[in-house]
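# Coordinates in review
The primary structure of each chain is shown beneath.
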Amino acid sequence: LAPKPEPRPEPIRLAVEERPQVQPAPPIDAKDKGKELARMVAEMKPLLALAMEKDVDISEPKHLIDDAAVAGRERNLDTAIGLVRQSKVLLMNKLDVQLTSMLGTLREELKVASSLGGDVSRPTTYLQETEKAKASGDVEAAFVFAEKVRKDLQPITGRYNESKKKLASLKGLISDCEVFIVDTREARGLLVEATNAFESNDYGEVETLVRAAEEKLYKAIPNRMADEINKAKELLREAK
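Residues numbered from 1 in each chain as written. Predicted model: local features only at pLDDT ≥ 70, side-chain atom pairs only at ≥ 80, totals over all residues. Heavy atoms only, no water.

### A closer look at the packing of helix α5 (residues 139-179) against helix α6 (residues 185-199)
α6 packs onto α5 with a crossing angle of 165° between their chain directions and a minimal axis gap of 11 Å. The angle between α5 and α6 falls in the class roughly antiparallel. For the pair α5 and α6, the sense of crossing is left-handed. Residue-level contacts link Tyr 160, Ser 163, Lys 164, Leu 167, Leu 170, Lys 171, Ile 174 and Glu 178 of α5 to Ala 187, Arg 188, Leu 191, Ala 194, Thr 195 and Phe 198 of α6. Residues of the contact of α5 with α6, tallied by class, amount to 8 nonpolar, 2 polar and 4 charged. (Axes fitted to C-alpha atoms, helices over the stretch in contact; angles between N-to-C directions. Helix = DSSP H or I, 4+ residues; strand = E, 2+ residues; numbered from the N terminus. Parallel < 35°, antiparallel > 145°, perpendicular 65-115°, else oblique. Left-handed = near helix turned anticlockwise from the far one by under 90°. Contact = heavy atoms within 4.5 Å. Nonpolar A, V, L, I, M, F, W, Y, C, P; charged D, E, K, R; others polar.)

### Side note on the packing of aromatic side chains
Under the criterion given, the structure shown has 4 aromatic pairs. Taking 5.3 Å as the distance between ring centres and 25° as the angle between the ring planes, the aromatic pair formed by Tyr 160 and Phe 198 counts as stacked. On the criterion of sequence distance, the pair formed by Tyr 160 in helix α5 and Phe 198 in helix α6 is long-range, its members being 38 residues apart. With a relative accessible area of 6%, Tyr 160 lands in the buried category. (Phe/Tyr/Trp six-rings, centres within 6.5 Å; stacked < 30°, edge-to-face > 60°. Buried < 20%, exposed > 50% of the residue type's maximum accessible area, 1.4 Å probe, protein only.)

### Examining the nonpolar core
By size, the foremost hydrophobic cluster in this structure holds 26 residues, and its most contacted members are Met 44, Val 84, Leu 91 and Leu 95. Counting residues per element, the ones that place at least two in this core are α1 (30-53), α2 (59-73), α3 (77-115) and α5. What Val 84 contacts, discounting residues up to four positions off in sequence, is Leu 37, Met 40, Val 41, Met 44, Ile 65 and Ala 68. With 21 residues, the next largest nonpolar core counts Leu 173, Ile 174, Leu 209 and Val 210 among its residues. (Core = buried A, V, L, I, M, F, W, Y, C linked by side-chain atoms within 4.5 Å.)

### Description of α5
The terminal C-alpha atoms of α5 lie 42 Å apart, and with 41 residues this falls more than 12% below the ideal 60 Å at 1.5 Å per residue. In the structure, α5 departs most strongly from a straight axis at Ile 156, where the bend amounts to approximately 80°. Just downstream of α5 lies Ile 181, where phi reads positive at about 55°. (Expected span 1.5 Å × (residues − 1). Bend = angle between axes of the 7 residues up to and from the residue.)

### Things to note about helix α4 (residues 121-136)
In this model α4 runs 23 Å from its N-terminal to its C-terminal C-alpha over 16 residues, within 8% of the 22 Å that 1.5 Å per residue would give. Pro 123, Leu 127, Thr 130 and Ala 133 are the residues of α4 that are buried. Along the long axis of α4, the arc covered by the buried residues comes to 125°, so they all point the same way. Of the exposed residues in α4, those oriented more than 90 degrees away from the buried face are Lys 132, Ala 135 and Ser 136. The inward-facing, buried residues of α4 contact α3 and α5. (Arc of directions from axis to C-beta.)

### Re unusual backbone geometry
Residues other than glycine seldom take positive phi values, yet Arg 75 does so here, at roughly 65°. Position of Arg 75 among the secondary structure elements: in the loop between α2 and α3. In this structure, Ile 181 takes a positive phi of about 55° despite not being glycine. Along the chain, Ile 181 falls in the loop between α5 and α6. By relative accessible area, which is 62% here, Ile 181 ends up exposed.

So, in structure tokens, the structure goes:
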């Protein structure tokens with residue numbers, strides 16, 4: 001007898017995972033876009049006010065907001081929303097730059113305050129909070145904490161800051177005088193002495209030396225200008 005054929009194995013059926021149907025997102029209607037635009041513009045107002053308070057140039061962000069307002073009135077809501085987003089990114093970058101500069105100045109002041117023997121524990125804490133707020137993007141809180149640092153340091157570093165400004169003012173005055181070819185040698189010598197006094201934390205001496213240098217320059221300026229006027233008159237007579 002012929003052998004019976006072996007039964008064929010059942011075909012292996014692979015389980016096919018059924019993928020859920022992806023439903024397209026419902027389109028955003030004009031009403032919702034209008035609400036989004038209004039919300040974004042409302043968020044920008046306090047940021048623009050803060051930037052103006054901190055002397056940050058807002059001309060470019062403000063121009064974009066104005067363009068967005070025009071686009072919104074023309075019902076070009078997508079364009080308007082895009083312009084407001086651009087404005088916010090630009091403004092936040094400018095505020096961040098300002099904060100970075102402020103933090104650098106405050107860190108320097110903390111070192112000075114510490115070297116002068118002041119208690120810097122509280123302003124140090126505020127400075128850390130400023131850095132945290134800045135890192136999280138909360139620029140409004142960052143500026144609030146930075147102002148707390150400045151106020152706490154003021155009683156310690158007030159004369160330091162005042163002397164620093166006086167030195168900067170004297171340098172500017174010397175440069176202006178040199179434009180008119182005024183002899184500034186004595187004033188420059190006094191500036192060097194004042195700078196050395198500043199580095200030694202002798203702020204009273206800084207004030208005395210700066211005042212002496214300014215007096216010498218202010219005395220020289222009118223004479224020099226009178227000479228220039230007389231020369232100009234002579235040139236006019238010759239021209240006639």
